[in-house]
Amino acid sequence: LLVSGLTGCNKSGGDTILIGEFASLTGKEATFGISSHEGTILAVKEINAAGGVLGKQLELKTEDDQSKAGEPANVVNKLISKDGVVAILGEVASSRSLEAAPICQQNGVPMISPASTNPKVTETGDHIFRVCFIDPFQGTVMANFATKTLNAKKVAVFTDVKSDYSKGLAKFFKEGIAKAGGQVVAELDFNGGDKDFKAQLTAIKTAGPDAVFIPAYYTDVALICIQAKQLGISIPFLGGDGWESPTLIEIGKDAVEGHYFSTHYSADAGTPNVQNFVDSYKKEYQGKVPDAMAALGYDSAMFLADAIKRANSTEPGKIREALAATKEFEGVTGKMAINAQRDAVKSAVILQVKGGKFTFVETVNP
Ligand code: PHE
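Residues numbered from 1 in each chain as written. Predicted model: local features only at pLDDT ≥ 70, side-chain atom pairs only at ≥ 80, totals over all residues. Heavy atoms only, no water.

### What to know about the pairing of strand 2 (residues 16–23)
Keep this limit in mind: In this scheme, a residue with accessible area under 20% of its type's maximum is buried, one over 50% is exposed, and one in between is partly exposed, where area comes from a 1.4 Å probe on protein chains only. Under the DSSP-based scheme used, a helix requires at least four consecutive residues in state H or I and a strand at least two consecutive residues in state E, with every element numbered from the N terminus. At least two DSSP bridges between two strands are needed for those strands to be called paired. For the handedness criterion, the strands are oriented away from the viewer, and a crossover whose path from the first strand over the helix to the second runs clockwise is classed as right-handed.
Burial within strand 2 is extensive, with 8 of its 8 residues counted as buried. Of the two faces of strand 2, the one carrying Thr16, Leu18, Gly20 and Phe22 and the one carrying Ile17, Ile19, Glu21 and Ala23 are both buried. One ladder, built from 8 bridges, connects strand 2 with strand 3 (residues 57–64); its direction is parallel. Across the sheet, the residue bridging to glutamate 21 is threonine 62, located in strand 3. For the handedness criterion, the β-α-β arrangement of strand 2, helix 1 (residues 30–49) and strand 3 is classed as right-handed. For strand 2 and strand 4 (residues 88–89), the ladder comprises 2 bridges, and the chain directions are parallel. Each bridged residue has a counterpart across the sheet, and for glycine 20 the counterpart in strand 4 is isoleucine 88.

### A short note on the confidence of the model for the protein chain
Where the model shows low pLDDT, its predicted coordinates should not be examined in detail. Here is the rule we go by: pLDDT measures how confident the predictor is about each residue, on a scale from 0 to 100. Pairs of residues are marked as contacts when any of their non-hydrogen atoms sit within 4.5 Å.
On average, residues of the protein chain score 95 in pLDDT, and 96% of them reach the 70 mark or higher. Mean pLDDT values over the elements of the protein chain span from 45, in strand 1 (residues 2–5), up to 99, in strand 5 (residues 111–113). In the predicted structure, residues 1–13 sits below a pLDDT of 50 and forms 30 contacts with residues beyond four places in sequence or in another chain. Here the predicted complex carries an ipTM of 0.98, next to a pTM of 0.94.

### Here's the deal with the side chain of serine 313
Put simply, the test is: A 3.5 Å cut-off defines polar contacts: any pair of N or O atoms within that distance qualifies, except that in protein one atom must be a possible hydrogen donor and the other a possible acceptor, and neighbouring residues in sequence count only when both atoms are side-chain atoms.
By the secondary structure assignment, serine 313 is in the loop between helix 11 (292–311) and helix 12 (316–324). You can call serine 313 buried: its relative accessible area is 15%. One polar contact links the side chain of serine 313 to the main-chain amide nitrogen of glutamate 315, over a distance of 2.9 Å. Filtering out sequence-adjacent residues up to four positions away, serine 313 remains in contact with Leu54, Ile308, Lys318 and Ile319.

### Looking at the packing of helix 11 against helix 12
As a reminder, the rule being used: Note on definitions: angles span 0 to 180 degrees between N-to-C directions of axes, and those axes are lines fitted to C-alpha atoms, for helices only across the stretch in contact. Note on angle classes: values under 35 degrees are labelled roughly parallel, values over 145 roughly antiparallel, values of 65 to 115 roughly perpendicular, and the remainder oblique. The handedness criterion is simple: a crossing whose near helix is rotated anticlockwise from the far helix by less than a right angle is left-handed, and one whose near helix is rotated clockwise is right-handed. Under the scheme applied, nonpolar residues are Ala, Val, Leu, Ile, Met, Phe, Trp, Tyr, Cys and Pro; charged residues are Asp, Glu, Lys and Arg; polar residues are all the others, including Gly.
As a packed pair, helix 11 and helix 12 sit with axes 8 Å apart at the nearest point and diverge in direction by 110°. Comparing the axis directions of helix 11 and helix 12 gives the class roughly perpendicular. Along this stretch, helix 11 crosses helix 12, giving a crossing that reads as right-handed. Together, Phe303, Leu304, Ala307, Ile308, Arg310 and Ala311 of helix 11 and Lys318, Ile319, Ala322 and Leu323 of helix 12 make up the contact between the two elements. Partitioned by chemical class, the residues of the contact of helix 11 with helix 12 number 8 nonpolar, no polar and 2 charged.

### Some details on the site of the ligand
Definition in use: We call a residue near a molecule or strand as soon as one heavy atom of that residue lies within 4 Å of the molecule or strand. The accessible surface values rely on the Shrake-Rupley method and a 1.4 Å probe; as for residues, cover is taken only from the protein chains in view.
Lining the immediate environment of the ligand, one finds 13 residues, of which Ser94, Thr117, Tyr217, Asp241 and Met293 sit closest. Between serine 94 and the ligand, the recorded distance is 2.5 Å, taken from a side-chain N or O atom to an oxygen atom. Alanine 115 places a main-chain nitrogen or oxygen 2.9 Å from a nitrogen atom of the ligand. For the ligand, the protein covers 100% of the area, taking 330 Å² as the surface of the free molecule. Among the residues forming the shell around the ligand, the class breakdown is 7 nonpolar, 5 polar and 1 charged.

The structure is reproduced here in structure tokens:
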């Protein structure tokens, strides 16, 4: 279904450039999709207000994949075959980007994921790009934070085996722990969407770790933290970017208090770039503060527009070449180097849930 299109004619009209976007606007990870979509829309509006690209306005065609496996393939096929988009922005969740990427690759349409951090996403092929760091980096950041900053030498890892993101990040975190001389004393699994985690949490408690790493998405994480608290587990819980949603705190309340996670950006960073973005986002969306997905959605659209300009063409193959030729890009999520694997090399930030808010702890450079 068509969720939104900005003003302009369709591609056949010839005076707009049609770009596709797929996102989880409804379903289990809706806050991810809504945020990245809002950031993307804001970028497109700003680009169009400044005269567009190659003298044409950008037109964004957005499809909702409902946070559901199977849907990314459907909607991306439609965007390419029926709508004829010149490039595609999406998704946040790695499993859904992994589903869509082979379709973009086979059709020769460049895809830019704003926020999928699993390494396999861009390994799909030379048409697949991202504006975020990857999980080998994120896993190392949190392994070092656990062992060095928190002095947690014994850790437990609790993985969502239904999610490529979770499985990958768990693996890289464990490698980082081993390198830092720590020890993984318990490894437990769950399936995203489960409601009862007591058996695994009891096993974790028995193993006696100093900290627990949960590389999962916010809804599951909140429930896990609530049940951990009920079982009297009071050690720090750590996670990755999948934690970043106001829903984590709405559901988890005091059970998520004090815990830490890594992510892509902090609205408190205070640089002029971030401040301008935060101000215009708030103006556009009734005072809402942009989260990492919003910032990455914005950066993905800006990255694409910049490449179309340099390609001086709206041909997907030429756009791909210009994207691949990008060495460095300055986004609201910071300065990124685009490497030969089409991944962004850039800093991560660590946030803590404190007083019911996400508070900035530190920036970690690659
Ligand atoms: N990195 C996560 C994934 O690959 C998605 C995500 C990005 C979640 C940014 C929150 C913030 O699935």
